[in-house]
Amino acid sequence: MKVLMAAAVLLSCSDARACELSLVTPATSSLKNPVEAHVSLADDALIARFSVSAPSINAKKVLGPNEYPYQFDVVEWFVTFSDSGFPCFEFEVSPYNQTFQVRIVSAKQHQEGVDLGLTSTATMVTGGWNAELAIPLKPLGWDGDPAKIRGNLYSIGQGRARSYWSVFLPKAAKANFHQPQYFKPLLSCS
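Now for a look at the structure at hand. What you are looking at is a predicted structure, and each value in this text was computed from that prediction instead of being measured. (Residues numbered from 1 in each chain as written. Predicted model: local features only at pLDDT ≥ 70, side-chain atom pairs only at ≥ 80, totals over all residues. Heavy atoms only, no water.)

## Some words on the overall build of the protein chain
Logical step 1: When you go through the protein chain residue by residue, the secondary structure sums to 0 helices and 13 strands.
Logical step 2: Scanning the protein chain from its N terminus toward the C terminus, one meets helices and strands in the order β-β-β-β-β-β-β-β-β-β-β-β-β.
Logical step 3: Expressed as a percentage of its 190 residues, the buried residues of the protein chain come to 45%.
Logical step 4: Put simply, 63% of the contacts in the protein chain that link residues at least 6 apart link residues at least 24 apart.
Logical step 5: For the protein chain, the computed accessible surface area is about 9,100 Å², with 51% contributed by carbon and sulfur atoms. (Helix = DSSP H or I, 4+ residues; strand = E, 2+ residues; numbered from the N terminus. Buried < 20%, exposed > 50% of the residue type's maximum accessible area, 1.4 Å probe, protein only. Contact = heavy atoms within 4.5 Å. Areas by Shrake-Rupley, 256 points an atom, 1.4 Å probe, with all protein chains shown as cover.)

## A look at the packing of aromatic side chains
Logical step 1: For the structure shown, the criterion picks out 9 aromatic pairs.
Logical step 2: Centroid distance Tyr-68 to Tyr-70: 5.5 Å. Interplanar angle 0 degrees. Geometry classified as stacked.
Logical step 3: A centroid spacing of 5.9 Å and a plane angle of 75 degrees characterise the contact between Tyr-164 and Phe-177, whose relative ring orientation is edge-to-face. Separated by 13 residues along the polypeptide, Tyr-164 in strand β12 (residues 163-166) and Phe-177 in the loop between β12 and β13 (184-185) bring together distant segments of the chain. Judged on exposure class, the residue Tyr-164 and its partner Phe-177 are both buried.
Logical step 4: What links up through ring pairs into an aromatic cluster is the set Phe-78, Tyr-154, Tyr-164, Phe-177 and Phe-183. (Phe/Tyr/Trp six-rings, centres within 6.5 Å; stacked < 30°, edge-to-face > 60°.)

## Overview of the layout of surface pockets
Logical step 1: In this structure, the largest pocket spans a volume of roughly 410 Å³.
Logical step 2: Lining the largest pocket are 23 residues, and of these Glu-76, Glu-90, Asn-176, Phe-177 and His-178 lie nearest its centre.
Logical step 3: Partitioning the lining of the largest pocket into residue classes produces 12 nonpolar, 6 polar and 5 charged. (1 Å grid on protein atoms, 1.4 Å probe; cavity = no way out; pocket = protein on both sides within 12 Å on 5 of 7 lines; lining within 4 Å. Points joined across faces, edges and corners; volume = space filled by probe spheres on them. Nonpolar A, V, L, I, M, F, W, Y, C, P; charged D, E, K, R; others polar.)

## Examining the pattern of salt bridges
Logical step 1: The full count for this structure, using the stated rule, is 3 salt bridges.
Logical step 2: The salt bridge involving Arg-49 is made with Glu-132; its shortest N-O contact spans 2.4 Å. In this pair, Arg-49 sits in strand β4 (residues 45-53) while Glu-132 sits in strand β10 (residues 128-136), placing the two residues 83 residues apart along the sequence.
Logical step 3: Since its relative accessible area comes to 23%, Arg-49 is described here as partly exposed.
Logical step 4: For Lys-148, the salt bridge identified is with Asp-143, shortest N-O distance 2.5 Å.
Logical step 5: Asp-143 sits in the partly exposed class, given a relative accessible area of 47%. (Salt bridge = Lys/Arg side-chain N within 4 Å of Asp/Glu carboxyl O.)

## Remarks on the nonpolar core
Logical step 1: Among the nonpolar cores identified, the biggest contains 34 residues, and Leu-46, Trp-77, Phe-91, Ile-149 and Leu-153 are the most heavily contacted of them.
Logical step 2: Taken together, the elements giving at least two residues each to this core come down to β2 (17-25), β3 (35-42), β4, β5 (74-80), β6 (88-93) and β10.
Logical step 3: Once residues lying within four places of it in the same chain are set aside, the contact partners of Trp-77 are Leu-46, Ile-47, Ala-48, Phe-89, Glu-90, Phe-91, Leu-133, Ile-135, Asn-152, Leu-153 and Leu-186.
Logical step 4: Grouped together as the second largest cluster of nonpolar side chains are 13 residues, Phe-100, Ile-156, Tyr-164 and Phe-183 included. (Core = buried A, V, L, I, M, F, W, Y, C linked by side-chain atoms within 4.5 Å.)

## Concerning the pairing of strand β7 (residues 99-104)
For a regular strand, side chains alternate in direction, first toward one face of the sheet and then toward the other.
Logical step 1: Where β6 and β7 come together, 6 bridges link them in antiparallel fashion. The residue bridging Phe-91 from the neighbouring strand is Gln-101, located in β7.
Logical step 2: Counted along the chain from β6 to the antiparallel partner β7, the turn is 5 residues long, and its residue Asn-97 has a positive phi close to 60 degrees.
Logical step 3: Note that β7 and strand β8 (residues 110-112) share 3 bridges and pair antiparallel. (Pairing = 2+ DSSP bridges.)

This is the structure we're talking about:
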């Protein structure tokens, strides 16, 4: 499969912030500015929109036993309200709108497959797919202060040579998205 590439989708909200994702690994890519997402806050919901352009999509309409969205093409979103990064919450959406949610209590304790209130849409379009993720923040413990909304956005392309893209994660020999020390304010990314 060819490398996954994402392009911007504009939010209808005027306070949307563009976040350009950079290549984490492999070391190089022929793609230029391949991934951008938009984040906004609407009342107590945090919203991210992605538009993914890909010459081919590696995804399954139905996942089998022990298969998860992150094993294929996916967009991911980590959110926290604490300076330590814990607890944090992981949200994934595939091109077929398959979701995966994780409550990460600490570096060693996490709860997979929980319902954290994510609503999402994913739509196949010519040359790729679009996804929108919305999460209600209050049930996750948010106190209403927008400055406390921190995290990271990711995109993964699957194939022989997976490509990993992130807003705040630096280049690395191996991608590891579970690094809260790199989380930054999501509403201020530009």
